[in-house]
Amino acid sequence: MDAFGVAVVGFGWMGRVHTRAYARVRHHYPLLPLRPELVTVAEEVPGRAEEAAAQFGFASATRDWREVAADPRVRAVSVTAPNFLHREIGVAMAEAGKHLWIEKPVGLGVGDARAVADAVARAGVQGAVGFNYRNAPAVETARDLIAAGEIGTVTHARIRLFSDYAAHPESALTWRYRRERGGSGVLGDLASHGADLARFLLGAITAVTADTAVFVPERARPAAATAGHARAAGGVPGPVENEDYVGCLLRFASGARGVLEACRVSVGEQNTYGFEVHGTRGAVFWDFRRMNELGVSRGTAYQDQPVSTVFAGPGDGEFAAFQPGAANAMGYDDLKVIEAYRFLRSVAEGTPYGATLRDAVHSAAVLDAMARSAEHGTWAAVEQP
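K.L.:
Any chance you could break down the sheet that holds strand β7 (residues 154-162) for me, citing the residues and the numbers?
P.N.:
Read from one edge to the other, the open sheet built from 9 strands follows the order β16-β15-β14-β13-β7-β12-β11-β8-β17, with strand pairing classed as mixed. In this open sheet, the two edge strands, each paired with only one partner strand, are β16 (308-311) and β17 (380-381). Pairing of strand β8 (residues 205-213) with β17, which is carried by 2 bridges, proceeds in the antiparallel orientation. Each bridged residue has a counterpart across the sheet, and for A207 the counterpart in β17 is A381. On top of the sheet, helix α6 (residues 137-147) reaches β7, β13 (272-279), β14 (283-287) and β15 (293-297); it is set at about 20° to β15, its chief contact. Packing of helix α10 (residues 357-376) onto the sheet brings it into contact with β8, β11 (245-252), β12 (257-263) and β17, and relative to β8 it is tilted by some 55°.

K.L.:
Describe helix α8 (residues 186-202), naming the residues involved and giving the relevant values.
P.N.:
The end-to-end C-alpha separation of α8 is 22 Å, in line with the 24 Å expected for 17 residues at 1.5 Å each. Where α8 bends most, at S192, the angle is about 40°. With respect to burial, α8 is a largely interior element, 16 of its 17 residues being buried. Directly after α8, the chain includes G203, whose backbone phi takes a positive value near 95°.

K.L.:
Before we move on, can you summarise the packing of aromatic side chains with the specific residues and values?
P.N.:
What characterises a pair of aromatic rings is the spacing of the ring centres plus the angle enclosed by the ring planes. Under the defined criterion, the tally for this structure stands at 15 aromatic pairs. Consider the rings of Y22 and W101, whose centres lie 5.4 Å apart with planes at 85°: the pair is edge-to-face. Separated by 79 residues along the polypeptide, Y22 in helix α1 (residues 13-28) and W101 in strand β5 (residues 99-102) bring together distant segments of the chain. Here W101 falls in the buried class, since its relative accessible area comes to 0%. Through a chain of ring-to-ring contacts, the aromatic side chains of W13, Y133, Y273, F275, W286, F288 and Y332 assemble into a single cluster. Against the face of W379 rests R251, its NZ or CZ located 3.8 Å from the ring centre.

K.L.:
Report on the pairing of strand β4 (residues 76-79), specifying residues and quantitative values.
P.N.:
Of the two faces of β4, both are covered, the one formed by A76 and S78 as well as the one formed by V77 and V79. Pairing between strand β1 (residues 2-9) and β4: 4 bridges, direction parallel. The residue bridging A7 from the neighbouring strand is V77, located in β4. Two elements, β4 and β5, share 4 bridges in a ladder whose sense is parallel. Directly across from V77, in β5, lies its bridge partner L100.

About the cut-offs
Residues numbered from 1 in each chain as written. Predicted model: local features only at pLDDT ≥ 70, side-chain atom pairs only at ≥ 80, totals over all residues. Heavy atoms only, no water. Pairing = 2+ DSSP bridges. Helix = DSSP H or I, 4+ residues; strand = E, 2+ residues; numbered from the N terminus. Contact = heavy atoms within 4.5 Å. Axes fitted to C-alpha atoms, helices over the stretch in contact; angles between N-to-C directions. Expected span 1.5 Å × (residues − 1). Bend = angle between axes of the 7 residues up to and from the residue. Buried < 20%, exposed > 50% of the residue type's maximum accessible area, 1.4 Å probe, protein only. Phe/Tyr/Trp six-rings, centres within 6.5 Å; stacked < 30°, edge-to-face > 60°. Lys NZ or Arg CZ within 6 Å of the ring centre and 35° of its normal.

Shown next as structure tokens:
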């Protein structure tokens, strides 16, 4: 069993998720030929990297990610830093010969995502991107049912991603709300997952028409470093520069139609993520909050055809690596363990498994088309990378 040095750059909530995934991956996949070792963690906020090293067992800590790129012990890097750093760090790590697991949306636009994907390809390293919802066993089963024609020819779909993480008026004006550092708002944060799910399930998206809005126009500037979705009551207000909401119509290469809607300020909605896909003979339904269930309608009745709830089980996706029988629950962190496994398997075998940097480019191209459409009030073609 080969020891395999890994590093994490950026140690907010997502950095912790990646670290836990590395720690757990061989518990669930004991035959994985690589044994990840936590070599170093980089975080610019004073003291945070040292705290991470003490808590999780990294061998060293630094405030400068460039030291990670130069460290010969590190063979793979997780990049969970803010969006504006994705391109610079991602390209540098690939050029240093490090395999790359990077969080979506991979930069501030399709140009950044393509630059990182191209650097990974030139360097001959493996690259993975954090589109975790496609890893849910029920989602993979839905894809299989659709591909097998179990619901007939797909006619239309709806993808929704509603959350309240930014709904509080005292939410701090962090990098997420600034164009220079966050790029888009809910487009990059949530709709990127929606674009990936739509393509994963139904194939290429060729055109979109979108509308966006900012519903909380000002937020308070934080007085100190923040993590996650902190509040900053009483801080000096500043403008929110990117969108809280997007509603979008989709056209697929197959001829199917779709609706994608995402919002980060939806009071009463907590991680309301999911999809409904309709075909000429049936439909499939999935809700992240009931992650291990899939609603399925299929048959020949057409009118008044019932919907059955199917529980994910050992025959679905990677379910068997976590639970022994159907209807035993899996959770969000398990999806990132699957992601870690597929990333490390890609490295071990030299063949991509799971979501790749090219998938990130496709998602970013859809987001860029949404932004152009919202700006000009017209349909926008989606570049096919």
